[in-house]
Number of protein chains: 4
Amino acid sequence: MKIDYNEILQQITLDLKNIKYKGDVANYIPELKSVDPNKFGISLQFLNKRGYNSGDFNIKFSIQSVSKVFALAMAFEKLGNKIWHRVGVEPSGTSFNSLLQLEYENGIPRNPFINAGALVVCDILIDLLSEPKKDFLKFVQKLAGNIHIQYNKNVARSESEVGYRNASLAYLLKDFGNIKNPVDKVLDFYFHICSIEMTCEELSKSFLVFANHGINPHNKEKILSESKTKRLNALMQSCGFYDESGEFTFTVGLPGKSGVGGGIAAIFPGEFAISVWSPRLNKKGNSILGMKALELFTTISGKSVF
Amino acid sequence: MKIDYNEILQQITLDLKNIKYKGDVANYIPELKSVDPNKFGISLQFLNKRGYNSGDFNIKFSIQSVSKVFALAMAFEKLGNKIWHRVGVEPSGTSFNSLLQLEYENGIPRNPFINAGALVVCDILIDLLSEPKKDFLKFVQKLAGNIHIQYNKNVARSESEVGYRNASLAYLLKDFGNIKNPVDKVLDFYFHICSIEMTCEELSKSFLVFANHGINPHNKEKILSESKTKRLNALMQSCGFYDESGEFTFTVGLPGKSGVGGGIAAIFPGEFAISVWSPRLNKKGNSILGMKALELFTTISGKSVF
Amino acid sequence: MKIDYNEILQQITLDLKNIKYKGDVANYIPELKSVDPNKFGISLQFLNKRGYNSGDFNIKFSIQSVSKVFALAMAFEKLGNKIWHRVGVEPSGTSFNSLLQLEYENGIPRNPFINAGALVVCDILIDLLSEPKKDFLKFVQKLAGNIHIQYNKNVARSESEVGYRNASLAYLLKDFGNIKNPVDKVLDFYFHICSIEMTCEELSKSFLVFANHGINPHNKEKILSESKTKRLNALMQSCGFYDESGEFTFTVGLPGKSGVGGGIAAIFPGEFAISVWSPRLNKKGNSILGMKALELFTTISGKSVF
Amino acid sequence: MKIDYNEILQQITLDLKNIKYKGDVANYIPELKSVDPNKFGISLQFLNKRGYNSGDFNIKFSIQSVSKVFALAMAFEKLGNKIWHRVGVEPSGTSFNSLLQLEYENGIPRNPFINAGALVVCDILIDLLSEPKKDFLKFVQKLAGNIHIQYNKNVARSESEVGYRNASLAYLLKDFGNIKNPVDKVLDFYFHICSIEMTCEELSKSFLVFANHGINPHNKEKILSESKTKRLNALMQSCGFYDESGEFTFTVGLPGKSGVGGGIAAIFPGEFAISVWSPRLNKKGNSILGMKALELFTTISGKSVF
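The following refers to the structure shown. Remember, predicted model here, so these are calculated numbers, not experimental data.

### Topic: the arrangement of the chains
As for chain C relative to chain A, no contact occurs, and the smallest C-alpha gap between them is 11 Å. There is no contact between chain B and chain D; across them, the least C-alpha separation is 11 Å.

Right under this line is the structure:
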């Protein structure tokens with residue numbers, strides 16, 4: 001039976017418009033508050049070049065933590081398994097543990113997708129790159145096959161002005177010796193990474209590399225070894241949704257990563273990448289409709305890894 | 001290229017014999033202390049009936065927590081999604097959180113594979129089954145396609161005599177109202193469930209149902225709906241290895257479940273089930289060689305879900 | 001200036017009758033639910049034999065955890081400083097830590113006044129006494145100078161029937177090897193100790209020994225050495241009010257101990273013992289009016305140790 | 001019987017010289033590393049002007065956290081009970097909880113003597129004082145009756161360069177809105193406060209005000225009301241020794257405060273202040289010989305509040 005992906009995406013878009021939902025736009029970053037909370041976009045891109053889109057798939061949004069996957073890919077490929085001396089591969093359990101665990105576990109963040117872990121990855125990249133911000137952006141542009149991908153400087157600045165929690169984490173990591181560079185420099189790089197803007201379509205295209213065993217489908221360049229790609233996907237599965245990683249695995253069943261901008265990207269190894277964007281977040285910081293849309297998608301299409 | 005599974009299993013068995021490893025047999029259950037720590041068995045069973053075995057694949061061992069998957073399958077199918085009101089779907093993070101989380105989260109265990117969660121599942125089954133111990137055993141015999149599967153009464157009794165930690169958990173759950181039946185009855189059922197004995201070959205055959213979208217391959221009976229099977233597999237992926245669930249996902253990339261008897265069972269949806277047994281455990285309570293063997297298997301064969 | 005203690009107690013009783021307060025009677029012990037929540041009694045007894053009473057000072061109530069002071073006094077005198085190998089002298093911090101700390105600190109309760117610590121003290125007494133329940137009661141009768149002090153068997157039984165939380169703690173301690181006797185026996189002794197009934201006047205008279213450097217004022221018998229008495233008083237100051245020990249020290253400034261029956265006993269070294277009873281409890285399990293009454297008493301009389 | 005305090009202090013000094021002890025000088029503040037670890041001084045000052053000294057009582061040392069008592073006294077008198085909306089009065093329990101509790105309890109530090117609480121007190125003082133550093137120093141000089149008390153700028157700078165843990169705490173408090181001023185300003189003030197240097201004799205004289213119901217004995221000025229003084233003393237008793245507050249209460253039985261410079265100050269209400277200095281610290285950050293000396297002092301003299 002042939003699956004009509006176009007119809008599935010249209011149906012999901014229609015269905016979700018009728019859901020009465022609450023949830024607020026991320027409000028701790030001033031620049032993000034002004035986003036229209038009712039936007040909804042979805043984009044499905046196959047390795048075979050076919051693509052399907054629906055809703056506001058063509059509007060730029062702040063990908064925020066989704067960007068941590070790109071940062072990890074870059075650092076993992078460059079540093080290899082030594083990276084796991086400085087950051088773990090386990091889910092963090094409940095959110096209230098984050099600082100406790102960092103203290104208890106001597107400054108080794110549980111995984112590279114919680115903020116503490118991403119700060120360590122940023123610190124690693126600063127040591128590995130000659131011009132961190134420029135080099136990282138170039139890397140993402142290559143994955144996207146699109147040189148128009150940019151940081152949003154206003155969002156980066158806005159976040160840096162109120163990023164007290166991240167500063168607290170970074171100083172704690174510094175105290176444990178797991179940040180080598182000056183804290184200000186690490187935070188600035190981190191806030192830039194999180195400020196990248198993409199459309200759903202661009203995000204899906206950027207994630208195809210992870211569905212493609214580490215080969216950039218746009219230029220056939222090997223970005224990440226097959227084994228490392230498998231492991232990075234596994235990490236998304238285990239740790240990609242903060243304290244809801246189990247929930248996402250349970251209901252959706254694809255490796256993916258969410259961001260507080262309301263975006264989610266996920267992949268099916270060997271076949272496709274899919275992205276959703278809807279700014280209203282649940283209490284765990286994940287897009288309510290984004291998770292719902294992907295649950296519908298894998299349920300209807302049967303395209304889950306399990 | 002055709003994969004020679006027979007050769008892979010032989011090679012793994014050979015390779016692991018040369019590894020200098022430490023690790024002790026689970027010693028908190030008196031009956032399990034006497035197991036030969038140097039046993040190693042592996043069994044790979046395909047849905048298409050082909051099977052491959054190596055080492056001590058034909059010796060019975062105590063499957064312990066692996067049995068929690070059978071208990072959950074039975075309770076999930078009977079109770080449906082209401083089960084998630086009493087137990088969660090998130091990994092537990094570090095072990096030292098277990099009691100804290102139970103207290104903090106009002107007696108709702110994080111997932112059905114940690115002891116607290118399995119105790120709740122047992123409590124549920126006691127309410128749903130007319131003769132819990134007998135009915136459960138029959139269910140497992142059907143999944144195994146083998147009426148010779150039995151409890152080991154000595155192991156059950158041995159564990160019940162020193163099971164203070166589980167008694168502590170059960171009374172805490174009772175205090176929160178999340179155990180309905182008398183604690184003694186729940187513990188007795190729990191210790192029986194964990195005392196089931198199987199060989200690697202039997203265990204793999206019992207797990208085929210989870211690779212087969214919930215249809216028992218031995219008698220074609222629908223045990224679990226396709227959607228519930230997918231979710232149960234997702235839970236194994238997220239939560240199957242205590243505090244090493246992330247590690248197992250990262251290095252092996254298959255949904256699976258371990259037990260302190262040294263057994264591990266895992267599945268690849270639509271294709272196969274694989275079991276390993278080696279009694280030496282790491283500090284997290286997982287079989288050292290078992291994890292290593294499965295890592296080698298998915299690396300060589302490329303058979304990971306990611 | 002001479003202090004008119006009679007007038008102070010009358011004034012406090014009058015003042016507190018006018019306070020609009022909420023707070024409920026301890027409801028987790030069925031037998032205690034039926035207590036009249038509006039009772040209020042206070043009794044001040046000096047070492048020089050003078051005594052002052054007001055309100056319902058002559059009605060028996062369940063002293064509950066106040067009894068832990070007697071149990072500790074008995075065990076401390078008999079076992080000496082070896083007791084501190086099995087229980088600490090530090091306040092427990094917030095309540096949600098209780099189980100976490102027990103796990104983290106290998107089964108050594110933070111102090112003898114939290115439930116876990118009192119269970120260990122009970123276990124110690126069972127080993128030291130030939131007839132624990134009978135011997136302990138006799139000890140308390142001697143401290144009270146009153147052979148009519150008794151256990152309330154209904155309260156003990158009532159608590160034992162629903163004491164799941166204490167059973168959970170006891171099994172956890174057993175798992176760590178810090179309970180030597182069978183859990184059932186320890187719990188039975190513990191519930192009996194907590195079921196002792198006294199009037200405010202009797203309670204104050206029983207506590208005079210701690211104001212008297214360890215000499216029982218009723219028969220001049222040395223119950224506890226001067227140094228041990230000082231330390232026991234210090235422990236009441238640090239740890240006598242669960243998670244409100246700091247608050248009680250801050251507002252009242254006397255060593256004391258509270259119970260969920262609504263009673264509080266406190267002492268001023270070298271001078272007096274004072275007891276209050278009012279069954280309505282705050283969220284921390286301490287008597288609302290009892291704490292208020294003692295704050296008024298030390299503020300008006302200036303009789304604080306600080 | 002008249003107590004010969006001179007002999008007691010000499011005896012303590014002699015006895016402690018013979019103790020084989022380990023313990024290291026605080027090494028996280030570079031400037032403090034160079035202190036001679038074998039120094040030992042003690043000074044006992046009575047309200048009636050009599051004073052007794054022994055050992056290195058006349059050598060300046062960094063009083064560090066002892067200074068938090070002065071800061072609290074100043075803020076408490078100026079702000080009154082409103083201060084308790086921003087900081088609690090409960091001991092913190094074990095150290096590993098500090099960040100957890102701050103998170104769990106919404107940025108309200110448990111008490112004003114842990115670092116987080118002292119940072120909040122500093123923030124309060126910055127709002128209340130026109131020239132915080134100058135005004136605070138003047139306040140301490142008045143309490144000491146000595147205009148030569150000074151900050152050690154090198155210690156303040158040294159601590160600020162490596163004070164990552166305190167920066168982490170301050171940013172976390174800022175995130176919760178419990179620090180109003182810029183974090184850098186609060187940290188700078190905090191590090192200055194901690195850098196004050198005194199001799200044992202000067203420290204005892206500065207603490208006499210707390211033994212004197214809040215009246216500065218040097219100029220008869222009312223610094224703190226009688227009731228506030230009682231409460232500040234109670235706080236020292238409950239919370240003055242980090243995670244060893246119970247231990248200090250238990251073994252010494254006087255309200256006091258320790259610092260990582262190896263100093264301890266304590267008072268007996270209505271009678272005296274006593275200070276000890278010995279730089280070797282135990283794992284909890286308290287002076288090993290300092291605690292031992294005060295235990296000997298209260299045991300021999302009988303001068304404990306209990």
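Structure's up, so let's keep going.
### Some remarks on the pairing of strand β7 (residues 263–268) of chain D
All names here are of chain D. Most of β7 sits out of view: 6 of its 6 residues are buried. Residues Gly263, Ala265 and Ile267 line one face of β7 and the alternating positions Ile264, Ala266 and Phe268 line the opposite face, and both faces are buried. Strand direction decides the pairing type here: strand β6 (residues 256–258) and β7, joined by 3 bridges, are antiparallel. Counted as the bridge partner of serine 258 is isoleucine 264 from β7. Taking the residues between adjacent antiparallel strands as the criterion, β6 and β7 are bridged by 4 residues, where glycine 262 takes a positive phi near 100°. Examined bridge by bridge, β7 and strand β8 (residues 272–277) share 6 bridges and lie antiparallel to one another. Bridge pairing links isoleucine 267 to alanine 273 in β8.

### Description of the interface of chain A and chain B
Between chain A and chain B, the contact holds 31 residues from the first and 31 residues from the second. When residues of the side of chain A that touches chain B are traced back to their parent elements, those giving at least two are α10 (226–239) and α11 (245–251) of chain A. Tallying contributions element by element places α10 of chain A first for the side of chain A that touches chain B, with 9 residues. Residue classes in the side of chain A that touches chain B are distributed as 10 nonpolar, 16 polar and 5 charged.

### Re the relation of the copies chain A and chain B
Placing chain A over chain B gives an RMSD of 0.0 Å and needs a rotation angle of 180°, together with 0.0 Å of translation along the axis. In the structure described here, the two chain copies are related by an operation that fits a two-fold rotation axis. Closest approach to the rotation axis within chain A is made by the C-alpha atom of glycine 93 of chain A, at a distance of 2.1 Å. Most of the interface of chain A is mirrored in chain B: 100% of its interface residues are interface residues there too.

### Some thoughts on the sheet that holds strand β3 (residues 61–62) of chain D
Within the open sheet, the 3 strands sit side by side as β3-β5-β4 (chain D). Their pairing is antiparallel. Of all strands in the sheet, those with a lone pairing partner are β3 and β4 (150–151) of chain D, marking the two edges.

### Some details on the interface of chain B and chain C
Taken together, the contact between chain B and chain C spans 13 residues of the former and 13 residues of the latter. At the level of secondary structure, the elements contributing two or more residues to the side of chain B that touches chain C comprise α3 (98–104) and α7 (164–175) of chain B. The greatest single-element share of the side of chain B that touches chain C, amounting to 8 residues, is contributed by α7 of chain B.

### Concerning the pairing of strand β2 (residues 51–55) of chain C
Each regular strand shows side chains that alternate between the opposite faces of the sheet. Residues and elements named next belong to chain C. Among the 5 residues that make up β2, 4 are buried, leaving the element largely enclosed by the rest of the structure. Relative to β2, strand β1 (residues 41–46) is paired through 5 bridges, and the arrangement is antiparallel. Opposite leucine 44, over in β2, you have tyrosine 52 as the bridge partner. If you look at the hairpin formed by β1 and β2, you'll find 4 residues sitting between the two strands, and lysine 49 has a positive phi there, around 80°.

### A short note on unusual backbone geometry
All names here are of chain A. One non-glycine residue, lysine 49, adopts positive backbone phi at about 85°. Examined against the element boundaries, lysine 49 turns out to sit in the loop between β1 (41–46) and β2 (51–55). Classification of lysine 49 by C-beta neighbours within 10 Å gives exposed; the count is 8. Not every positive phi belongs to a glycine, and lysine 220 is a case in point at roughly 65°. Inspection of the secondary structure puts lysine 220 in the loop between α9 (200–211) and α10. For lysine 220, a count of 8 C-beta atoms within 10 Å corresponds to the exposed category.

### Here's the deal with the packing of α7 of chain B against helix α8 (residues 183–194) of chain B
Residues and elements named next belong to chain B. Where α7 meets α8, the axes come as close as 10 Å, and the angle between the chain directions of the two elements is 135°. With respect to their mutual orientation, α7 and α8 come out oblique. As α7 runs across α8, the sense of the crossing is right-handed. Residues Asn166, Ala167, Ala170, Tyr171 and Lys174 of α7 form the contact with α8, whose participating residues are Val183, Val186, Leu187 and Tyr190. When grouped by side-chain class, the residues that make up the contact of α7 with α8 number 7 nonpolar, 1 polar and 1 charged.

### Looking at the sheet that holds strand β3 (residues 61–62) of chain B
Residue and element names in this part refer to chain B. Pairing in this open sheet of 3 strands is antiparallel, and the strands run β3-β5-β4 from one edge to the other. The open sheet terminates on both sides in strands that have one partner only, identified here as β3 and β4 (150–151). Bridge count for β4 against strand β5 (residues 196–198) is 2 bridges, and the pairing is antiparallel. Each residue of the ladder has a partner; that of tyrosine 151, found in β5, is isoleucine 196.

### With respect to the packing of helix α2 (residues 67–79) of chain B against helix α4 (residues 115–128) of chain B
Residue and element names in this part refer to chain B. Between α2 and α4, the least distance of the axes is 10 Å, while the angle of their chain directions is 50°. Here α2 is positioned oblique relative to α4, judged by the angle of their axes. The two elements α2 and α4 cross, and the hand of that crossing is left-handed. For the pair α2 and α4, contact is made by Lys68, Ala71, Leu72, Met74, Ala75, Lys78 and Leu79 and by Ala118, Val121, Cys122, Ile124, Leu125 and Leu128, respectively. Classifying every residue of the contact of α2 with α4 gives 11 nonpolar, no polar and 2 charged.

Cut-offs used in this document
Residues numbered from 1 in each chain as written. Chains lettered and ligands numbered in written order. Predicted model: local features only at pLDDT ≥ 70, side-chain atom pairs only at ≥ 80, totals over all residues. Contact = placed C-beta atoms within 7 Å. Buried ≥ 20, exposed ≤ 12 C-beta atoms within 10 Å, placed from the backbone. Helix = DSSP H or I, 4+ residues; strand = E, 2+ residues; numbered from the N terminus. Pairing = 2+ DSSP bridges. Nonpolar A, V, L, I, M, F, W, Y, C, P; charged D, E, K, R; others polar. Least-squares fit on C-alpha atoms with pLDDT ≥ 70 in both. Axes fitted to C-alpha atoms, helices over the stretch in contact; angles between N-to-C directions. Parallel < 35°, antiparallel > 145°, perpendicular 65-115°, else oblique. Left-handed = near helix turned anticlockwise from the far one by under 90°.

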